[in-house]
Amino acid sequence: MSLFHQGPCRKYSKLKEERCFVPNLTKELISIMQSQPDTKPKGCAGCNRKIKDRYLLKALDKYWHEDCLKCACCDCRLGEVGSTLYTKANLILCRRDYLRLFGVTGNCAACSKLIPAFEMVMRAKENVYHLDCFACQLCNQRFCVGDKFFLKNNMILCQTDYEEGLMKEGYAPQVR
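The following refers to the structure shown. (Residues numbered from 1 in each chain as written. Predicted model: local features only at pLDDT ≥ 70, side-chain atom pairs only at ≥ 80, totals over all residues. Heavy atoms only, no water.)

Thoughts on the environment of isoleucine 30
Its location among the elements puts isoleucine 30 in the loop between strand S1 (26–29) and strand S2 (31–34). As a C-alpha pair, isoleucine 30 and aspartate 61 span 31 residues in sequence and 9.7 Å in three-dimensional space. (Helix = DSSP H or I, 4+ residues; strand = E, 2+ residues; numbered from the N terminus.)

A closer look at the packing of aromatic side chains
On inspection of all chains with the given rule, the structure shows 6 aromatic pairs. Arranged with centres 5.5 Å apart and planes meeting at 65°, the rings of tyrosine 129 and phenylalanine 134 form a pair that is edge-to-face. The pair formed by tyrosine 129 and phenylalanine 134 is uniform in burial state, with each residue classed as buried. The interplanar angle of 0° and the centroid separation of 4.1 Å between the aromatic rings of phenylalanine 150 and tyrosine 162 together place this pair among those described as stacked. One end of the pair, phenylalanine 150, is in strand S11 (residues 149–152); the other, tyrosine 162, is in helix H3 (residues 159–167), and 12 residues separate them in sequence. Residue phenylalanine 150 is classed as partly exposed on the basis of its relative accessible area, which comes to 22%. Put simply, the rings of Tyr129, Phe134, Phe143 and Phe149 pair up and form one aromatic cluster. The ring of tyrosine 63 has lysine 42 sitting right over it, with the charged end atom 5.0 Å from the ring centre. (Phe/Tyr/Trp six-rings, centres within 6.5 Å; stacked < 30°, edge-to-face > 60°. Buried < 20%, exposed > 50% of the residue type's maximum accessible area, 1.4 Å probe, protein only. Lys NZ or Arg CZ within 6 Å of the ring centre and 35° of its normal.)

A word on the pairing of S11
Relative to strand S12 (residues 155–158), S11 is paired through 4 bridges, and the arrangement is antiparallel. Across the sheet, residue phenylalanine 149 finds its bridge partner in S12, namely cysteine 158. Linkage of S11 to S12, two consecutive antiparallel strands, is achieved through a turn of 2 residues, within which asparagine 153 is found at a positive phi near 50°. (Pairing = 2+ DSSP bridges.)

Examining unusual backbone geometry
Residue aspartate 61 is not a glycine yet carries a positive backbone phi of 60°. Tracing the backbone through its elements, the reader meets aspartate 61 in the loop between strand S3 (55–59) and strand S4 (62–64).

Examining helix H2 (residues 95–102)
Where burial is concerned, most of H2 is hidden: 7 out of the 8 residues are buried. Among the residues of H2, Arg96, Asp97, Tyr98, Leu99, Arg100, Leu101 and Phe102 are the ones counted as buried. Buried residues in H2 make contact with strand S5 (84–88) and strand S6 (91–93). (Contact = heavy atoms within 4.5 Å.)

A look at the environment of lysine 125
When you line up the elements, lysine 125 lands in the loop between strand S9 (121–124) and strand S10 (127–130). It is 9.4 Å that separates the C-alpha atoms of lysine 125 and asparagine 154, two residues lying 29 residues apart in sequence.

Brief notes about the side chain of histidine 65
Relative to the assigned elements, histidine 65 resides in the loop between S4 and helix H1 (78–81). Among all residues touching histidine 65, those that are not within four sequence positions of it are Cys44, Cys47, Arg49, Lys50, Ile51, Asp53 and Leu57.

Considerations on the pattern of salt bridges
One pass over the structure, following the stated rule, counts 3 salt bridges. For aspartate 67, the salt bridge identified is with arginine 77, shortest N-O distance 3.0 Å. Of this pair, aspartate 67 sits in the loop between S4 and H1 while arginine 77 sits in the loop between S4 and H1, and the two are 10 residues apart along the sequence. A salt bridge links arginine 100 to aspartate 97; the nearest nitrogen and oxygen atoms lie 2.8 Å apart. Taken as a pair, arginine 100 and aspartate 97 lie in helix H2 at a separation of 3 residues, close to a single helical turn. (Salt bridge = Lys/Arg side-chain N within 4 Å of Asp/Glu carboxyl O.)

Thoughts on the nonpolar core
Counting 22 residues, the largest nonpolar core has Ile30, Leu69, Cys71, Leu78, Leu85 and Leu93 as the members making the most contacts within it. Counting only elements with at least two residues in this core, the list comes to S3, S5, S6 and H2. Among the elements that line this core, the one with the most residues is H2, at 4 residues. Among the nonpolar cores identified, the runner-up in size contains 13 residues, and Phe134, Leu138, Phe143 and Cys158 belong to it. (Core = buried A, V, L, I, M, F, W, Y, C linked by side-chain atoms within 4.5 Å.)

As for the pairing of S10
Burial along S10 is two-sided: the residues Asn127 and Tyr129 and Val128 and His130 are all buried. Where S9 lies against S10, 4 bridges are found, and the strand directions are antiparallel. Each bridged residue has a counterpart across the sheet, and for arginine 123 the counterpart in S10 is valine 128.

Listed below in structure tokens is the structure:
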């Protein structure tokens, strides 16, 4: 099953409506540990069987088989996805599903379309943008890491358009 699924969570689709009654989020680290052959095997919190594998995971102060520590929505193996998991409402979730179920959505300052809570964004002061929308609003030049951009009259501008606008008297750019 793919981590990058779309649509509502198959198992917990009603949670989104109940989120105002859900306890606080806990973000936990996942530790990958090597089993010690001279110690008694630990019990898995997921399946309640003894962990006899070479490696085991420790999360939420419990031990897990690598296959048993999974997201409650998409079933992705959390030990593979990264070193964190999220718990809320007695659910163990990957970052993407946590944000999809409980995250805050907003609108892009450039296109006004909805930005899903799990999507990567660019920010300029209080404005939030889709990555594809974060471009000069006059010439549509996309910005690379390290490029200068300017926010003038709530518009994102490249350095060239910003400087040209400053040279003109009565700066009032028109979006092309």
